[in-house]
Amino acid sequence: MATNYGPVEIAGVVAVIGVLTYACRLSFIALFGRLDEIPPVVERVLRFVPAAVLAALVLPSFVTLDAGSFAADKFVAGALAAGVAWRTEDVFATMVTGMGVLWAIRFLL
Amino acid sequence: MDTAAFRRGVRDVAPLLLGIIPFGLVAGIATVNAGLGLPTAVGLSVVVFAGASQLAALELLGQNAPLTVVVATAVVINLRLLMYSASIAPYFRDFTGRWKAVLAYVLTDQAYALSVASYRSDRETDRKWYYLGVAVTLWAVWQVTTIAGALLGTGVPDAWGLEFAIPLVFLAILVPAIEDAATGIAAVVGGTVAVVGAGLPLNLGLLVAAGVGITAGVLTESATGGTDGD
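Each chain carries its own residue numbering, running from 1 in the direction its sequence is written. Going through the entries in the order they are written, you letter the chains from A and number the ligands from 1. Residue-level local features of this predicted model are given only where pLDDT is at least 70; pairs of side-chain atoms are given and counted only at 80 or more, and the full residue set underlies all totals for whole chains, interfaces and linings. Each side-chain value is worked out from all heavy atoms of the structure, with water and hydrogens disregarded.

Novice: Sorry, what's going on with a nonpolar patch on the surface here?
Specialist: All names here are of chain B. Any residue with relative accessible area above 30% and no salt bridge may belong to a patch, with like charges joined within 9 Å and the nonpolar Val, Leu, Ile, Met, Phe, Trp and Tyr side chains within 5 Å. A 1.4 Å probe and the Shrake-Rupley method give the accessible areas. Residues count as covered only by the protein chains that appear here. Here a salt bridge means any side-chain nitrogen of Lys or Arg lying within 4 Å of a carboxyl oxygen belonging to Asp or Glu. Taken together, the side chains of Leu38, Val42, Val46, Val47 and Leu151 make up a nonpolar region of the molecular surface, amounting to roughly 360 Å² of accessible area. The greatest single-element share of the nonpolar patch, amounting to 4 residues, is contributed by helix H3 (residues 38–48). Numbering goes from the N terminus for both helices and strands, where a helix is a DSSP run of H or I of at least four residues and a strand is a run of E of at least two. With respect to the helices and strands, the residue Leu151 is situated in helix H9 (residues 127–153). Each residue is placed in one exposure class: buried if its accessible area under a 1.4 Å probe, protein chains only, is under 20% of its type's maximum, exposed if it is over 50%, and partly exposed if it falls in between. According to the relative accessible area criterion, Leu151 is exposed, its value standing at 57%.

Printed below as a string of structure tokens:
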């Protein structure tokens, strides 16, 4: 998997993501004084962004409905790493478990 | 400059670096895997400075997704920064506009979490310099590790499946984000829709899944009466 985009397009994407991300960071820090509270509707919606987005990023890497490209090693490694993430909430332990299981299946079995 | 407060920030963030260092290395390696070079790795890390969105953008660029989808996905992931901005803003109210601009640039999950916890405790600390101690340390370590990852990246064989470390990082951040039934529903629905929608054109599966998952969470909260605010 390698990109076909050229350096100008890549630089443009980086710049746009950078500006919009900075706008998110600065938003309320700059607004306070003028605006005293985050609107409750916005807050209610934002609360669900991390869970929904991260789950949507994670799950397709472990499971696929397409039988032809289903990878048992990734499924097992992902499931065990999920268990460790649940128990420890530790990034390092989760990565070590997931990669360790993947390598064990690929290189030892 | 309050060096004591700054140093306390550095000390408090030190244990978290164990998670940041491999994450940064993976972000650097992912740049190489996507067929991009060191300048892009540095550009993303300095200009964007938000790991999860950097990884998502690299993955989509590697798949040649439309640029609008790349940008939209990365920005959706970073919308949580709005929450941190709103939550920490009252503590920054008295600083000058220039300081606010600097402090906002280094706002991250970890800098937010540690600083607000410290501000809420009884401990007397200089807010600006404590925050900078945490946030600047994270910034520096992130830059060094992503560059190191990009330099190391080409030497790693495909069979190692290093790109698999990316969803593992997301997984580790996902679990603490599930705080109650409603966020749990948002995650289950978002993840399921993403699996089902993996074949959607233009790599739109992720955005659709995020939208449906967020909606499911909001509806669940309304149906169960919700927790009203926090």
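Novice: Honestly, H9 of chain B in this entry has me stumped. Any pointers?
Specialist: Structurally, the α-helix is built with 3.6 residues per turn, so residues lying three or four positions apart point the same way. What a helix should span is 1.5 Å times the count of its residues minus one. Compared with the 39 Å implied by 1.5 Å per residue over 27 residues, the 38 Å span of H9 of chain B between its first and last C-alpha is a close match. Polar contact is the term for a pair of N or O atoms within 3.5 Å; when the atoms are in protein, one must be able to donate a hydrogen and the other to accept it, and sequence-neighboring residues count only if both atoms are side-chain atoms. Between a side-chain oxygen at the N-terminus of H9 of chain B and the backbone nitrogen of Lys128 of chain B the separation is 3.2 Å; the capping residue is Asp126 of chain B.

Novice: I would appreciate a short explanation of empty space enclosed by the protein in the present structure.
Specialist: Once rolled over the atoms, a probe with the size of a water molecule shows which space is left empty. Of the grid points, spaced at 1 Å and generated over the protein atoms alone, those admitting a 1.4 Å probe that cannot get out make up cavities, while open sets with protein on both sides within 12 Å along at least five of seven lines make up pockets; any residue with an atom within 4 Å of a point is treated as lining. Grid points are joined across faces, edges and corners, and a volume is the space filled by probe spheres set on the points. As enumerated under the stated definition, the model contains 4 cavities of 30 Å³ or more in all. What lines the largest cavity is Val49, Pro50, Val53 and Leu54 of chain A together with Ala52, Ile77, Arg80 and Ile173 of chain B. For the lining of the largest cavity, the leading source of residues is helix H3 (residues 49–62) of chain A, giving 4 residues.

Novice: Explanation requested: the nonpolar core in the structure shown.
Specialist: Side chains that are nonpolar tend, in soluble globular proteins, to be buried together. For this analysis, a nonpolar core means a set of buried residues of the types Ala, Val, Leu, Ile, Met, Phe, Trp, Tyr and Cys, connected via side-chain atoms within 4.5 Å. Counting 102 residues, the largest nonpolar core has Ile88, Phe92 and Tyr131 of chain B as its most contacted members. The element contributing the most residues to this core is H3 of chain A, with 10 residues. We call two residues contacting when some pair of their heavy atoms lies within 4.5 Å. Setting aside chain neighbours within four positions, we find Phe92 of chain B in contact with Ile29 of chain A together with Lys100, Leu103, Tyr119 and Tyr131 of chain B.

Novice: Honestly, the layout of surface pockets in this entry has me stumped. Any pointers?
Specialist: Volume-wise, the largest pocket comes out at about 1,500 Å³. Forming the boundary of the largest pocket are 48 residues, of which Tyr84, Asp109, Gln110, Tyr112 and Ala113 of chain B lie nearest the centre. The element that contributes the greatest number of residues to the lining of the largest pocket is helix H6 (residues 80–92) of chain B, accounting for 7 residues. Basically, the charged four are Asp, Glu, Lys and Arg, the nonpolar ten are Ala, Val, Leu, Ile, Met, Phe, Trp, Tyr, Cys and Pro, and anything else, Gly included, counts as polar. Class assignment of the residues belonging to the lining of the largest pocket gives a composition of 30 nonpolar, 6 polar and 12 charged. If you trace the second largest pocket, you find 32 residues lining it, with Leu57, Pro60 and Ser61 of chain A together with Glu59 and Gln63 of chain B closest to the centre. Broken down by element, the lining of the second largest pocket gets its largest block of residues, 5 residues, from H3 of chain A. Along the lines of polarity and charge, the residues of the lining of the second largest pocket split into 21 nonpolar, 8 polar and 3 charged.

Novice: Looking at this structure, I do not really get the domain arrangement of chain A. What am I missing?
Specialist: Interface size, as often reported, equals the accessible area lost upon joining of the parts. What the domain assignment lists for chain A is domain 1 (1–47) and domain 2 (48–109). Distance from the C-alpha centre of domain 1 of chain A to the C-alpha centre of domain 2 of chain A: 28 Å. Residue ranges for the domains originate in an automatic or database domain assignment.

Novice: Explain the interface of chain B and chain A here, please?
Specialist: On the chain A side, the residues contacting the 93 residues of chain B number 66 residues. Two parts placed together each lose some accessible area under a 1.4 Å probe, and the buried area is that loss summed for both. Summed over both partners, the interface of chain B with chain A comes to about 7,100 Å²; 77% of that surface belongs to carbon and sulfur atoms. The largest per-residue losses of area from chain B upon contact with chain A belong to Phe164, Leu168 and Val195 of chain B, which jointly make up 9% of the total buried on that side. In this assembly, chain B and chain A are joined by 4 salt bridges. The closest approach of N and O atoms between Glu221 of chain B and Arg47 of chain A, which form a salt bridge, is 2.6 Å. Our enumeration of links across chain B and chain A arrives at 22 residue pairs in polar contact (both at pLDDT 80 or more). Considering only residue class, the side of chain B that touches chain A consists of 63 nonpolar, 20 polar and 10 charged.

Novice: Hey, could you run me through the domain arrangement of chain B in this one?
Specialist: All names here are of chain B. Along its sequence, chain B is carved into domain 1 (3–159) and domain 2 (178–230). In this structure, domain 1 and domain 2 have C-alpha centres spaced 25 Å apart. Summing both sides of the interface, domain 1 and domain 2 together bury roughly 530 Å²; the carbon and sulfur share of this comes to 77%. Linking domain 1 with domain 2 are 0 salt bridges, by the criterion used here.

Novice: Can you walk me through the side chain of Thr183 of chain B in this structure?
Specialist: Checked against the element boundaries, Thr183 of chain B lands in helix H11 (residues 181–196). Of the residues examined, Thr183 of chain B reaches a relative accessible area of 0% and is grouped as buried. A distance of 2.9 Å separates a polar side-chain atom of Thr183 of chain B from the backbone nitrogen of Glu179 of chain B. In contact with Thr183 of chain B, not counting residues within four places along its chain, are Arg47, Phe48 and Ala51 of chain A together with Ala177 and Ile178 of chain B.

Novice: Looking at this structure, I do not really get the pattern of salt bridges. What am I missing?
Specialist: Any two side chains of opposite charge can pair, given that their charged atoms come close. Scanning all chains against the criterion turns up 6 salt bridges over all chains. The partner of Arg106 of chain A in a salt bridge is Asp73 of chain A, with the nearest N and O atoms 2.8 Å apart. Taken together, the residues span a long stretch of sequence, with Arg106 of chain A in helix H5 (residues 91–108) and Asp73 of chain A in helix H4 (residues 72–88) at a distance of 33 residues. For Arg106 of chain A, a relative accessible area of 31% corresponds to the partly exposed category. Each of Arg44 and Arg47 of chain A together with Glu179, Asp180 and Glu221 of chain B takes part in a single network of salt bridges with overlapping partners.

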